Amino acid sequence: MKKGAQLYEGKAKKVFLTDDPEVLMVDYKDDATAFNGEKKGTIAEKGIINNRLTNHFMKMLEENGIPTHYIEEISDRETLVKKVSIIPLEVIVRNIAAGSFSKRYGVEEGKSLLSPTLEFSYKNDDLGDPLINEYHIIALGLATREELDIVSEYTFKINDILKNYLIKFGIELVDFKIEFGKTSDGTIVLADEISPDTCRFWDSKTHEKLDKDRFRRDMGGVEDAYWEIMKRILGESK
Ligand code: UDP
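In this text the structure is predicted, and so the values were computed from the model without any measurement.

Asks: Residues and numbers for the environment of D211, please.
Replies: Tracing the sequence through the fold places D211 in the loop between β14 (199-203) and α5 (213-216). Take D211: its relative accessible area is 0%, and that puts it in the buried class. Taking the C-alpha atoms as reference points, D211 and E90, 121 residues apart in sequence, are found 18 Å from one another. Not counting chain neighbours up to four residues away, the residues in contact with D211 comprise P196, C199, R200, F201, W202, A225 and Y226. Reaching out from D211, the side chain makes a polar contact with the backbone nitrogen of D213 at a distance of 2.8 Å.

As structure tokens, then:
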């Protein structure tokens, strides 16, 4: 499969055309942003870690019955994926209070939630990705009721699968953000990435943060945290 023209450059990835119109190639960068692009930096080799981990999780989820956009890993940073139109929603699941949830509701970070929660943000950088409810989503035509039901069902399943998988490596899945897309025949599939950029991963014993919060909050040890996740899950060290 030949890498063609660049279609799009996002904050963490570039997307290229290929010689198959139904297939795109993603190329993961080391660029890191936070707070809607206000904070910028690089995390050395993040692109490699996020590409490899995302593909590992996508394969594992496929084996567990979740359709994804994943096709094939081409190199450390490049992956072939199905071309989809992204549903412009950030789908967020929380098992433990943290981040914007803790702030909004005045709940201490680290408090276990009685049941996993699901929330949506409207993917729109100009508006700062505002929280949006299901009525708003349907009224604005961002997704239909039927599509939202599929998205929600997949999302809770993904949470169960990932949470149970990660705990074996001593990793607590605090919360995460995923995105879904529609293939040309209308099938809804999991798209984008699942990585320390998009999930909160805490060490299950010490509750040490092993994710992008170390970058967001200037905690130091960012690269080491990403490599720690890579080592525990894929058995690979720097
Ligand atoms: N998240 C993300 N992209 C975003 C916003 C959030 O990947 O643009 C992830 C984030 O890493 C965390 C979860 O979604 O795992 C919940 O984030 P939260 O709403 O607490 O926002 P934050 O505190 O990161 O601003």
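Asks: Help me get a handle on the nonpolar core, residues and values and all.
Replies: Ranked by size, the top nonpolar core spans 47 residues in total, and within it F57, L89, I158, F180, L190 and F201 carry the most contacts. Here this core takes 8 residues from helix α4 (residues 145-167), the largest share from any one element. Within the second largest apolar cluster, 5 residues are counted, among which are V15, L24, Y28 and V81.

Asks: Lay out unusual backbone geometry in plain terms, naming residues and giving numbers.
Replies: With a phi angle near 65°, E45 is a residue other than glycine that sits in the positive phi range. Inspection of the secondary structure puts E45 in the loop between β5 (39-42) and α1 (46-63). By relative accessible area, which is 32% here, E45 ends up partly exposed. With a phi angle near 60°, D192 is a residue other than glycine that sits in the positive phi range. On the secondary structure map, D192 appears in the loop between β13 (188-191) and β14. Residue D192 is classed as buried on the basis of its relative accessible area of 15%.

The rules behind the values
Residues numbered from 1 in each chain as written. Predicted model: local features only at pLDDT ≥ 70, side-chain atom pairs only at ≥ 80, totals over all residues. Heavy atoms only, no water. Helix = DSSP H or I, 4+ residues; strand = E, 2+ residues; numbered from the N terminus. Buried < 20%, exposed > 50% of the residue type's maximum accessible area, 1.4 Å probe, protein only. Contact = heavy atoms within 4.5 Å. Polar contact = N/O pair within 3.5 Å; in protein donor to acceptor, adjacent residues only side chain to side chain. Core = buried A, V, L, I, M, F, W, Y, C linked by side-chain atoms within 4.5 Å.

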